[in-house]
Amino acid sequence: MHGLGGIIAILDVIGVSFNYRTEKGVLPVLSNVSFEAGENQFVSIIAPSGTGKTTLLKIISGLVKPDKGKILLRGEEVTGPTPLISMIYQDFALYPWLTALQNVELALLHKKLPREERRRRAQAMLELVGLGGFEDYYPKEMSGGMRQRVAIARALVAKPLVLLMDEPFASLDAITAEGLRREVLDIVFSKESTVKSVIMVSHNIEEVVELSDKVVILGGRPATVVSQVPIELPRPRNSRDPVFNEVVDRLYSIISTTVKEAR
């Protein structure tokens, strides 16, 4: 429960291994993956394509059971999906026939709340992500950035402890993604949010350096943790800062070495 430097671990990934079963046999994907996410910590996972990053997120969320290892949430093993862990997807995963408010309310249906209370909570989350006044808009009437804000609101309204983000900015244009990245830390770690840790998968190393407190680098086939790199730059971070770019170059170097060794 207590990580390095006195940081309290909210989520522990312990010795996780996973294999795909195919017609051609067993395909090892993850091998003995271990790391932790501490309180108020933003952790990013980066790796070459095809190394099981999204599969790892699904295991953390409880949607997929590992072949070996376990996930602990505040010391309790995660054995299946739980509202204490929410996921945000690259493609927003909104229902097109529902309004923004209705999409957010979906995350509260399991709580069997009175309709007005459900609506009040969903409204508050839409306001938190900057979409007050857009409650009755349908996904097709909103920009990509607005749709992703709805997805964030839906993830937060269930009051999770851990927020998982799978390439959350990849479907957005560069300017929209930059603007949302600037806001996302303030949103997910705001006093209105219950989130204690964020784990993000991303291919964008600049984005990872901008947001993360720690970067977990996976490599090899099956994928293992090849490095864990703390990012100790003060916030807000400037991508034009030479020190920022030194960290980016360091991460690129580790990944490039990992790819060469896997060949």
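As the structure is a prediction and not an experimental result, all values here were calculated from the model. (Residues numbered from 1 in each chain as written. Predicted model: local features only at pLDDT ≥ 70, side-chain atom pairs only at ≥ 80, totals over all residues. Heavy atoms only, no water.)

**Q** I keep staring at the overall build of the chain and nothing clicks. Help me out?
**A** Helix and strand content of the chain: seven helices and 10 strands. Expected size for 263 residues packed as a compact globule is a radius of gyration near 18 Å; at 18 Å, the chain falls within 12% of this value. Overall size of the chain, expressed as C-alpha extent along the three principal axes, is 55 × 45 × 40 Å. Here the chain holds 263 residues, and the buried ones make up 51% of them. At a minimum sequence separation of 6, the contacts of the chain that also span at least 24 residues come to 69%. Put simply, the chain shows about 13000 Å² of open surface, and 51% of that area lies on carbon and sulfur atoms. (Helix = DSSP H or I, 4+ residues; strand = E, 2+ residues; numbered from the N terminus. Rg over C-alpha atoms; globule rule 2.2 N^0.38 Å. Buried < 20%, exposed > 50% of the residue type's maximum accessible area, 1.4 Å probe, protein only. Contact = heavy atoms within 4.5 Å. Areas by Shrake-Rupley, 256 points an atom, 1.4 Å probe, with all protein chains shown as cover.)

**Q** How should the sheet that holds strand E3 (residues 41-46) be read in this particular structure?
**A** In a beta sheet, neighbouring strands are held together by backbone hydrogen bonds and run either parallel or antiparallel to one another. Taking strand neighbours across the sheet as the criterion, the six strands line up as E6-E7-E8-E3-E9-E10 in an open arrangement whose pairing is mixed. Of all the strands in the sheet, just strand E6 (85-88) and strand E10 (224-230) have a single pairing partner and so form its edges. Strand-to-strand twist across the sheet, computed as the mean angle between neighbouring axes with direction ignored, equals 20°. Pairing geometry for strand E7 (residues 162-166) and strand E8 (residues 197-201), over five bridges, is parallel. (Pairing = 2+ DSSP bridges. Axes fitted to C-alpha atoms, helices over the stretch in contact; angles between N-to-C directions.)

**Q** What is the right way to read a negative patch on the surface from this model?
**A** Side chains of Glu206, Asp241, Glu246 and Asp249 sit close together on the surface and give a patch of like negative charge. Relative to the elements of secondary structure, aspartate 249 occurs in helix H7 (residues 242-262). (Patch = residues over 30% accessible without salt bridge, like charges linked within 9 Å, V, L, I, M, F, W, Y side chains within 5 Å. Salt bridge = Lys/Arg side-chain N within 4 Å of Asp/Glu carboxyl O. Lys, Arg positive; Asp, Glu negative; His and termini not counted. Charge placed at Lys NZ, Arg CZ, Asp CG, Glu CD.)

**Q** What's the story with the sheet that holds strand E2 (residues 25-38) in this structure? I'm lost.
**A** Strands sit in the order E2-E1-E4-E5 across an open sheet of four strands; the sheet is antiparallel. The sheet is open, and its two borders are formed by E2 and strand E5 (76-77), each paired with just one other strand. In the sheet, strand E1 (residues 9-22) pairs with E2 via 10 bridges, with the strands oriented antiparallel. Bridge pairing links threonine 22 to glycine 25 in E2. Strands E1, E2 and strand E4 (68-73) of the sheet are contacted by helix H1 (residues 53-61), whose axis makes an angle of about 120° with E1.

**Q** Sorry if this is basic, but what is going on with the side chain of arginine 237 here?
**A** Looking at the secondary structure, you find arginine 237 in the loop between E10 and H7. The side chain of arginine 237 sits in the buried core without any salt bridge; aspartate 213 is the nearest counter-charge, 4.5 Å away. Side-chain polar atoms of arginine 237 contact the backbone oxygen of valine 209, separated by 2.7 Å. Polar contacts involving the side chain of arginine 237 include one to the main-chain carbonyl oxygen of isoleucine 231, which spans 3.3 Å. Aside from chain neighbours lying at most four places away, what touches arginine 237 is Val209, Glu210, Leu211, Ser212, Ile231 and Phe244. (Polar contact = N/O pair within 3.5 Å; in protein donor to acceptor, adjacent residues only side chain to side chain.)

**Q** For this particular structure, what's the right way to read a nonpolar patch on the surface?
**A** A grouping of Tyr95, Trp97, Leu106 and Leu109 is seen on the molecular surface, where their side chains present a nonpolar patch of about 420 Å² in accessible area. Locating leucine 109 in the fold gives a position in the loop between helix H2 (100-105) and helix H3 (115-128). Residue leucine 109 is classed as partly exposed on the basis of its relative accessible area, which comes to 46%.

**Q** Would you explain unusual backbone geometry in this entry?
**A** Residues apart from glycine generally show negative phi values, whereas peptide bonds are mostly found in trans. The omega torsion of the bond from arginine 221 to proline 222 falls at 0°, within 30 degrees of zero and hence cis. Mapped onto the fold, proline 222 is located in the loop between strand E9 (214-219) and E10. Here arginine 235 and proline 236 are connected by a cis peptide whose omega angle stands at -5°. Summarising the element assignment, proline 236 is placed in the loop between E10 and H7. Residues other than glycine seldom take positive phi values, yet asparagine 32 does so here, at roughly 55°. Here asparagine 32 shows up in strand E2. One non-glycine residue with positive phi stands out, namely arginine 74, at about 50°. Inspection of the secondary structure assignment puts arginine 74 in the loop between E4 and E5.

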